[in-house]
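Residues per chain, in single letters:
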Amino acid sequence: MSLTNASPLEAAKSAKGASHVLATLPTSARNDALTAIHAGLTAARDEILAANARDLEVARLAAQNGQLSQSLVSRLDLGKKGKWEDMLKGILDVRDLEDPVGKVTLRTRLDDGLDLTRVTCPIGVLLIIFEARPEVIANIASLAVKSGNAAILKGGKESTESFVAISRAISAALEQTQVPNGAIQLVTTRDVIPQLLELDRYVDLVIPRGSNELVRYIKSATRIPVLGHADGLCSIYLERSADPQMAAAVVADAKTSYPAACNSVETLLVQDAGLGTPLFARVAAALLEKGVELRCDAPSKEAALLAATAEQQQLVRDAQDADYDTEFLAPTLAVKTVGGLDEAVAHINAHGSKHTDAILTASADLAERFMAGVDAAGVYWNASTRMADGMRYGFGTEVGISTNKIHSRGPVGLEGLMIYKYQVRGHGQVSAAYGEGEGLRRFKHERLPL
């Protein structure tokens with residue numbers, strides 16, 4: 001890895017050249033590089049966390065002055081909720097995964113002595129533009145190296161001290177490995193994002209990590225394919241047959257375990273038949289106890305007030321239409337009453353962001369209908385939306401969560417960073433020899449075992 005103040009064009013050319021070398025390194029060389037990265041970050045822990053503390057001090061002051069959101073400050077904190085430990089664990093988890101490069105996914109005998117294979121290969125050069133999340137550097141570096149992709153990283157100014165400290169540790173570690181120096185680059189030059197987004201000749205995929213404003217800007221400002229999501233507007237449908245204890249635990253986790261996360265629930269859809277039962281009362285009480293503000297329509301507000309203590313009633317408020325299209329990233333939840341499954345699915349498909357949505361119900365039939373009908377990267381039955389995570393899926397870590405409808409959806413790990421190529425092995429065959437006419441050969445198209 002290199003900290004570079006080179007021009008965007010120079011950085012991209014260097015990454016493109018390095019990607020061709022990295023893609024041909026053996027599995028052992030790429031795994032050794034990940035072992036070195038883990039050791040380097042472990043040794044530099046105190047220095048990195050001290051740098052992160054300096055970033056946090058500046059960010060908290062900016063938040064007090066209204067210049068930065070509290071959700072962004074929360075994402076910046078590398079020492080919060082085991083984030084440092086998860087970052088290090090993710091590197092080793094990725095290292096220990098099966099090598100994704102060169103896997104044969106199709107074999108076909110076109111004719112005697114003429115065989116076709118389809119094999120996985122790296123995408124090439126990734127451009128990662130991120131805000132606040134310093135752990136992104138380690139996540140991306142480990143996934144890129146393992147998958148044989150080069151990566152150019154550009155971080156936001158709010159995390160400068162953190163990502164410089166992390167990058168120095170990774171750079172020193174990679175110097176002892178076979179990974180080319182230009183394979184992972186952190187661009188330190190300011191105000192170069194527009195120029196980077198113009199380099200479609202050298203950059204193969206852009207992955208934004210940050211606010212919906214950042215993602216929307218990137219998607220509108222480049223011809224390079226973009227993998228990611230702008231909003232994490234996740235919903236949970238609370239169906240009347242759901243177990244109250246289970247439902248309360250799941251909804252509380254989905255909203256309060258990390259409200260600033262993109263997989264935090266933002267809308268709770270409640271079946272009208274469940275409002276007057278212990279089900280919604282228990283869910284509402286669990287949320288109010290955690291200090292969650294409930295923005296309710298009229299029927300759910302009446303039921304929520306019955307579940308609230310005198311002190312908690314101030315947290316129950318009237319919802320506005322815009323609340324059902326809002327990613328709060330805070331202890332705030334929009335609540336809406338629906339008549340049944342069809343209405344819940346229709347609401348989610350109209351207002352959701354195609355990230356992750358869940359149904360809480362005792363009915364397997366309703367659950368399957370929900371998961372088939374909701375158009376999202378993740379659809380769950382009786383599980384928290386916070387489960388949408390590359391590490392929890394067994395991917396080691398992730399480069400981000402995609403709501404795209406091509407290539408990769410949901411948490412994107414190694415598999416999402418691979419494409420494929422077709423290889424043909426022959427003995428001098430020419431296309432003109434094949435066809436339906438007299439004297440022409442016909443293709444066999446015989447499927448062969450992998």
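Because the structure is predicted, anything quoted here is derived from the model rather than measured.

Participant: Help me out: how do you make sense of the overall build of the chain in this one?
Facilitator: When helices and strands are counted, the chain shows 14 helices and 18 strands. Scaling as 2.2 N^0.38, a compact globule of 450 residues should have a C-alpha radius of gyration of about 22 Å, and the chain matches this with 25 Å. Overall size of the chain, expressed as C-alpha extent along the three principal axes, is 80 × 65 × 35 Å. The proportion of buried residues among the 450 residues of the chain is 55%. Sequence-distant contacts in the chain: of pairs separated by 6 or more residues, those separated by 24 or more amount to 73%. Accessible surface, the chain as shown: approximately 19,500 Å² in total, 50% of it carbon and sulfur.

Participant: Help me understand the packing of helix α6 (residues 135–147) against helix α7 (residues 160–174) in this model?
Facilitator: Geometrically, a packed helix pair is captured by the angle between its two axes and the distance between the axes. Where α6 contacts α7, the axes come no closer than 9 Å and their chain directions differ by 30°. Comparing their axes, α7 and α6 come out roughly parallel. Across the interface between the two elements, Ile-137, Ala-138 and Ala-141 of α6 pack against Phe-163, Ile-166, Ser-167 and Ile-170 of α7. Here the contact of α6 with α7 is built from residues that sort into six nonpolar, one polar and no charged.

Participant: For this particular structure, what's the right way to read the packing of aromatic side chains?
Facilitator: A ring pair, where both rings are aromatic, is described by two values, the distance of the centres and the angle of the planes. One pass over the structure, following the stated rule, counts four aromatic pairs. Residues Tyr-420 and Tyr-422 carry aromatic rings whose centres are separated by 5.6 Å and whose planes lie at 80° to one another, so their mutual orientation is edge-to-face. Aromatic pair Tyr-434 and Phe-443: ring centres 4.3 Å apart, planes at 5°, arrangement stacked. Accessibility expressed as a relative area gives 11% for Tyr-434, which makes it buried. Directly above the aromatic system of Tyr-324 lies the positively charged group of Lys-336, at a separation of 5.3 Å from the ring centroid.

Participant: I would appreciate a short explanation of the sheet that holds strand β18 (residues 446–447) in the present structure.
Facilitator: Strands belonging to one sheet form pairs held by backbone hydrogen bonds; the direction of such a pair is parallel or antiparallel. Spatially, four strands are ordered β17-β3-β2-β18 in an open sheet, and the strand pairing comes out antiparallel. At either end of the open sheet lies a strand with only one pairing partner, and these are β17 (418–425) and β18. Of the strand pairs in this sheet, strand β3 (residues 114–122) and β17 are connected by eight bridges, and their pairing is antiparallel. By the bridge assignment for β17, Asp-115 is matched with Arg-425.

Participant: In this structure, what is going on with helix α14 (residues 364–373)? I would like to understand it.
Facilitator: Along an α-helix, residues three or four positions apart point the same way, because every turn accommodates 3.6 residues. Listing the buried residues of α14 in full gives Leu-366, Ala-367 and Phe-370. Buried residues of α14, seen end-on, are gathered within an arc of 100° and therefore sit on one face of the element.

Participant: Help me understand unusual backbone geometry, please; the structure alone is not making it clear to me.
Facilitator: One can expect most non-glycine residues to show negative phi and most peptide bonds to be in trans. Look at Leu-329: it is not a glycine, yet its phi comes out positive at around 55°. Within the secondary structure, Leu-329 sits in the loop between β11 (316–318) and β12 (332–338). Assessed through its relative accessible area of 17%, Leu-329 is described here as buried. Phi is positive for Lys-354, close to 65°, though the residue is something other than glycine. Within the fold, Lys-354 resides in the loop between α13 (341–351) and β13 (356–360). Using a relative accessible area of 26% as the deciding quantity, one classes Lys-354 as partly exposed.

Participant: I'm lost on the UniProt feature "domain: Aldehyde dehydrogenase" (unreviewed entry) in the chain in this one. Help?
Facilitator: The feature "domain: Aldehyde dehydrogenase" (unreviewed entry), as annotated in UniProt, sits at residues 10–315 in this numbering. Helix makes up 48% of residues 10–315 and strand 18%, and the two end C-alpha atoms of the span are 54 Å apart.

Participant: What should I look at first to understand the sheet that holds β12 in this one?
Facilitator: The sheet built from seven strands is open, its strands ordered β11-β10-β12-β9-β8-β13-β14 with parallel pairing. The sheet is open, and its two edges are formed by β11 and β14 (378–381), each paired on a single side. On average, each strand axis in the sheet is inclined to that of its neighbour by 25°, with strand direction left out of account. Here four bridges tie β13 to β14, and the two strands are oriented parallel to one another. Across the sheet, residue Ala-358 finds its bridge partner in β14, namely Tyr-380.

Participant: Got a minute to help me understand the pattern of salt bridges in this structure?
Facilitator: Two side chains of opposite charge can pair, provided their charged atoms sit close to one another. Enumeration according to the criterion identifies 23 salt bridges in this entry. For Glu-293, the salt bridge goes to Arg-295, with nearest N and O atoms at 2.7 Å. Residue class for Glu-293 comes out buried when judged on its relative accessible area of 13%. Relative accessible area serves as the criterion here: at 25%, Arg-295 is assigned to the partly exposed category.

Participant: Could you clarify how one ought to interpret the environment of Leu-76 in this entry?
Facilitator: Relative to the helices and strands, Leu-76 resides in helix α4 (residues 70–76). Sequence separation of Leu-76 and Ser-162 is 86 residues, and the distance between their C-alpha atoms is 8.9 Å. Ignoring any residue separated from it by four or fewer positions in sequence, one finds Leu-76 in contact with Asn-52, Asp-55, Leu-56, Ala-59, Ala-132, Pro-134, Glu-158 and Ser-159.

Conventions we followed
All residue numbers refer to position in the chain's written sequence, counted from 1. This being a predicted model, a pLDDT of at least 70 is required before a residue's local features are given, and a value of 80 or more before pairs of side-chain atoms are given or counted; all residues contribute to the totals for chains, interfaces and linings. With hydrogens and water stripped out, all remaining heavy atoms of the structure feed into the side-chain values. Strands here mean DSSP runs of E at least two residues long; helices mean DSSP runs of H or I at least four residues long; both are numbered from the N terminus. The globule rule used for comparison is 2.2 Å times the number of residues to the exponent 0.38, while the radius of gyration itself is calculated over C-alpha atoms. Between buried and exposed lies partly exposed: a residue is buried under 20% and exposed over 50% of the maximum accessible area for its type, with that area taken using a 1.4 Å probe on protein chains only. The contact criterion used throughout is that any non-hydrogen atoms of two residues lie within 4.5 Å. Each accessible area value is a Shrake-Rupley result obtained with a 1.4 Å probe; residue values ignore everything except the protein chains displayed when judging cover. Axes, fitted as lines to C-alpha atoms, cover a helix only where it is in contact. Angles between the N-to-C directions of the axes lie from 0 to 180 degrees. Orientation labels follow simple angle bins: below 35 degrees gives roughly parallel, above 145 gives roughly antiparallel, 65 to 115 gives roughly perpendicular, and whatever is left gives oblique. Just so you know the grouping, Ala, Val, Leu, Ile, Met, Phe, Trp, Tyr, Cys and Pro go in nonpolar, Asp, Glu, Lys and Arg go in charged, and all remaining residues, Gly too, go in polar. Centres within 6.5 Å make a pair out of two Phe, Tyr or Trp rings, where for Trp the six-membered ring is used; the pair is then stacked when the planes are under 30 degrees apart, edge-to-face when over 60, and tilted otherwise. Only when the NZ atom of a Lys or the CZ atom of an Arg is both within 6 Å of the ring centre and within 35 degrees of the ring normal do we say a charge sits over the ring. For two strands to be treated as a pair, DSSP must find no fewer than two bridges joining them. In this context, the arc is that of the directions from the helix axis out to the C-beta atoms. UniProt positions are given in the numbering used here, feature names are shortened, and annotations may be inferred rather than shown by experiment. Note on definitions: salt bridges are taken to be side-chain nitrogens of Lys or Arg within 4 Å of carboxyl oxygens of Asp or Glu.

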